[in-house]
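Structural features, examined
So you can see what is in the structure, the chains are spelled out below.
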Amino acid sequence: KADPSKPLEIGAPIPGMITSTGPGNGARVSKGDKLLVLEAMKMQTTLYAPCDGSIEQVFVAAGDAVDSGDLLVRLRE
């Protein structure tokens, strides 16, 4: 699970399925860059980078089912 006290850990806001992922491990991202898209009940939720940094690890792939709070991406500054 993502630790809500750590802003560099991106967790799933709702349960659903990952429909697409953005940049992979090691990629540089800027605040607001798209990290991945989550679909639940025919609605898509896009998750964005909360700050500038790089992707330390992506824990999911397209087609994965996730629960609310699951750790999806970890960033590093």
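Bear in mind that the values here come from a model prediction, so they are computed numbers and not experimental data.

Calculation criteria
- The residue numbering used here restarts from 1 in each chain and proceeds along that chain's sequence as written.
- The predicted origin of the model limits local features to residues at a pLDDT of at least 70 and limits the giving and counting of side-chain atom pairs to 80 or more, whereas totals for whole chains, interfaces and linings rest on all residues.
- With hydrogens and water stripped out, all remaining heavy atoms of the structure feed into the side-chain values.
- For helices the rule is a DSSP run of H or I covering at least 4 residues; for strands it is a run of E covering at least 2, with both sets numbered from the N terminus onward.
- A radius of gyration in this sense is built from C-alpha atoms; the matching globule rule multiplies 2.2 Å by the number of residues raised to 0.38.
- Any residue under 20% of the maximum accessible area for its type is buried, any over 50% is exposed, and the rest in between are partly exposed; the area is computed with a 1.4 Å probe on protein chains only.
- It only takes one pair of heavy atoms within 4.5 Å for two residues to be counted as in contact.
- Here the open area of atoms and residues is found with the Shrake-Rupley method and a 1.4 Å probe, where only the protein chains shown may cover a residue.
- One requirement defines pairing of two strands: DSSP has to find at least two bridges between them.
- Salt bridges are identified by distance alone: a Lys or Arg side-chain nitrogen within 4 Å of an Asp or Glu carboxyl oxygen.
- Pairs of N or O atoms within 3.5 Å make up the polar contacts considered here, provided that, within protein, one atom can donate a hydrogen while the other can accept it, and that residues adjacent in sequence are counted only when both atoms are side-chain atoms.

1. A closer look at the overall build of the protein
The helix and strand inventory of the protein stands at 0 helices and 8 strands. In the protein, the succession of α and β elements from N to C terminus is β-β-β-β-β-β-β-β. Expected size for 77 residues packed as a compact globule is a radius of gyration near 11 Å; at 11 Å, the protein falls within 12% of this value. Scored against the burial criterion, the 77 residues of the protein give a buried share of 31%. A separation threshold of at least 6 residues defines the contact pool for the protein, and within that pool the share at least 24 residues apart is 55%. Approximately 4,500 Å² of the protein is accessible, and the part contributed by carbon and sulfur atoms is 51%.

2. Here we look at the sheet that holds strand S1 (residues 9-11)
Pairing is antiparallel across the open sheet formed by 4 strands, whose spatial order is S1-S8-S6-S3. A single partner strand is all that each edge strand has here, and the edge strands are S1 and strand S3 (28-29). One ladder, built from 4 bridges, connects strand S6 (residues 53-58) with strand S8 (residues 71-76); its direction is antiparallel. Opposite Ser54, over in S8, you have Arg76 as the bridge partner.

3. What about the pattern of salt bridges?
Using the criterion set out here, one finds 3 salt bridges in the structure. Its salt-bridge partner being Lys1, residue Asp70 comes within 2.9 Å of it at the nearest N-O pair. You can see Asp70 sitting in the loop between strand S7 (65-66) and S8 and its partner Lys1 sitting in the segment before S1, a full 69 residues away along the chain. Classification of Lys1 as exposed rests on a relative accessible area of 65%. Among the salt bridges present, the one from Arg74 reaches Glu9, with a minimum N-O distance of 3.6 Å.

4. Some details on the sheet that holds strand S4 (residues 34-40)
Think of a sheet as strands paired side by side through backbone hydrogen bonds, with each pair either parallel or antiparallel. Pairing is antiparallel in the open sheet, where 4 strands are placed in the order S5-S4-S2-S7. Of all strands in the sheet, those with a lone pairing partner are strand S5 (43-48) and S7, marking the two edges. When strand S2 (residues 16-21) meets S4, the two strands line up antiparallel, connected through 4 bridges. Paired with Ser20 across the two strands is Val37, which belongs to S4.

5. Overview of the environment of Asp64
With respect to the helices and strands, Asp64 occurs in the loop between S6 and S7. Residue classification places Asp64 among the partly exposed positions, given a relative accessible area of 32%. Separated by 46 residues in the primary sequence, Asp64 and Ile18 have C-alpha atoms spaced 5.4 Å apart. Excluding its chain neighbours within four sequence positions, the residues that come into contact with Asp64 are Gly16, Met17 and Ile18. A distance of 2.8 Å separates the side chain of Asp64 from the backbone nitrogen of Ala61, its partner in a polar contact.

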